[in-house]
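Residue strings, one per chain:
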Amino acid sequence: MATQTAPTPVRHRHVAPHRRRSRGMPRLKTTIIAAAAYLIGFFFLFPYLVMILISLRPQTELRSAVWFPERFDFSAITGFWSTGLAHNLNVSLQVAAGSTILVLLVALPAAYYTARHNFRGRNVFLVLVLVTQMFQPTAMVVGIYREFFTFGMVDSVLSLILVNGGFNLAFAVWILNAYFSSIPRELEEAAFIDGNGRFGALFRVTLPLAMPGVITALIFTFIAAWNEFVVALTLTTSPENQPLPVALQSYMGQYSVNWQELFAGSVIATIPVIILFALIERKVVGGLTAGSIK
């Protein structure tokens, strides 16, 4: 006759009060961090909101103390294309795109070689590249103008492409060098075993993995070239060769400022950068954190 064993009593797990409270702490911390992030984001976006509201105000309500106008006037934005500034917008696109392509064509091989080869003077070369980033175009604008005047390249889009490309090259080399250094060499060696040469391994293995760093260099070069003002103001004399940031100053007269058209042009000038950054924002974050974790 089988003996029956008494069932084991179920013990209820007792959760200490301090443990129950600790479970809610991460959620509270996350809420506080999120609220602070939204507050900081609103702080930086607030000037753009003001700029949009002023561009949509009628002329009779520009000095009104209320935030929102009684009616929205889109004439300043729609009239932007009839003022000739659309051509200046095209010049800005040419300068920013040309500078970005030039930087990538030079920075990619330079960063890849310095990341894969420990040649003599490598550290000195990287330090010199970083030192060039300390020089601002404003401090050398006279010399830049003299140089391009000597070669007969004043008042041309090509001169703006070369200047913006040169001043953004150092940043691109450092970003790409850090990203190439974080990619294991064994991946390229495996590609060599599969029959790929140096360029085949670069374009089929290394470059796709380094794409976040490439996009980071792309977006920062594009934005820097898009927003550049001092050198463009110095090197361009004819209105048709001026990029949009320089052309917008035509709304600022000696005795008055056409605020509605000025802010409408500024709103339109920010749209291409916002669209570009929104499309590749995740890649930019990955590129900025490249090399921070080994």
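The structure under discussion appears in the preceding block.
Predicted model only: the values in this text are computed from it and were never measured.

**Q** Tell me about the overall build of the chain, residues and numbers included.
**A** Counting its regular elements, the chain contains 13 helices and 0 strands. Taken from N to C terminus, the helices and strands of the chain fall in the order α-α-α-α-α-α-α-α-α-α-α-α-α. Counting the 294 residues in the chain, one finds 35% classified as buried. In the chain, once contacts between residues fewer than 6 apart in sequence are set aside, the share between residues at least 24 apart is 73%.

**Q** How would you sum up helix H12 (residues 259-279)? Please name residues and give values.
**A** Between its terminal C-alpha atoms H12 stretches 31 Å, which fits the 30 Å expected from 21 residues at 1.5 Å a residue. The sharpest bend along H12 reaches about 25° and sits at Ile271, with the proline Pro272 one to four residues further on. Those residues of H12 that fall on the buried side of the exposure criterion are Gln260, Glu261, Leu262, Phe263, Ala264, Gly265, Ser266, Val267, Ile268, Ala269 and Val273.

**Q** Any details on the nonpolar core? Residues and values, ideally.
**A** The tendency in soluble globular proteins is for nonpolar side chains to be buried as a group. Counting 19 residues, the largest nonpolar core has Ala107, Leu176 and Phe180 as the members making the most contacts within it. Of all the elements in the fold, those that place two or more residues in this core are helix H3 (85-116), helix H6 (157-182), helix H8 (198-209) and helix H9 (211-227). Setting aside residues up to four positions removed in sequence, Phe180 forms contacts with Leu108, Ala111, Tyr112, Ala115, Arg116, Thr206, Leu207 and Ala210. Judged by nonpolar contacts, the second largest core, of 15 residues, contains Leu85, Leu244, Leu248 and Val273.

**Q** Please provide a residue-by-residue account of helix H4 (residues 122-132), values included.
**A** Residues Arg122, Leu126 and Val129 constitute the buried set of H4. All buried residues of H4 project into a common sector of 55° when viewed along the axis, lining one side. Exposed side chains of H4 directed beyond 90 degrees from the buried face belong to Asn123, Val124 and Leu128.

**Q** Give a detailed account of the environment of Leu262, specifying residues and quantitative values.
**A** Within the fold, Leu262 resides in helix H12. Its relative accessible area of 11% is what places Leu262 among the buried residues. Each C-alpha atom, one on Leu262 and one on Met51, is 9.3 Å from the other, the two residues being 211 residues apart in sequence. Setting aside residues up to four positions removed in sequence, Leu262 forms contacts with Leu248, Tyr251, Met252 and Val257.

**Q** Let's hear about a nonpolar patch on the surface: which residues, and what values?
**A** On the surface, Ile101, Leu102, Leu105, Val106, Leu158 and Leu162 cluster together into a nonpolar patch covering about 530 Å² of accessible area. Of all the secondary-structure elements, those providing two or more residues to the nonpolar patch are H3 and H6. Among the elements that line the nonpolar patch, the one with the most residues is H3, at 4 residues.

**Q** For the packing of H6 against H9, give the residues involved together with the corresponding values.
**A** Axis separation between H6 and H9 bottoms out at 9 Å; the angle between their running directions is 160°. Considering their axes alone, H6 and H9 lie roughly antiparallel with respect to each other. The two elements H6 and H9 meet at a crossing, and its hand is right-handed. From H6, Asn164, Asn168, Phe171, Ala172, Ile175, Leu176 and Tyr179 reach across to H9, where they touch Pro212, Gly213, Val214, Thr216, Ala217, Phe220, Thr221, Ala224 and Ala225.

Calculation notes
- Residues numbered from 1 in each chain as written.
- Predicted model: local features only at pLDDT ≥ 70, side-chain atom pairs only at ≥ 80, totals over all residues.
- Heavy atoms only, no water.
- Helix = DSSP H or I, 4+ residues; strand = E, 2+ residues; numbered from the N terminus.
- Buried < 20%, exposed > 50% of the residue type's maximum accessible area, 1.4 Å probe, protein only.
- Contact = heavy atoms within 4.5 Å.
- Expected span 1.5 Å × (residues − 1).
- Bend = angle between axes of the 7 residues up to and from the residue.
- Core = buried A, V, L, I, M, F, W, Y, C linked by side-chain atoms within 4.5 Å.
- Arc of directions from axis to C-beta.
- Patch = residues over 30% accessible without salt bridge, like charges linked within 9 Å, V, L, I, M, F, W, Y side chains within 5 Å.
- Areas by Shrake-Rupley, 256 points an atom, 1.4 Å probe, with all protein chains shown as cover.
- Salt bridge = Lys/Arg side-chain N within 4 Å of Asp/Glu carboxyl O.
- Axes fitted to C-alpha atoms, helices over the stretch in contact; angles between N-to-C directions.
- Parallel < 35°, antiparallel > 145°, perpendicular 65-115°, else oblique.
- Left-handed = near helix turned anticlockwise from the far one by under 90°.

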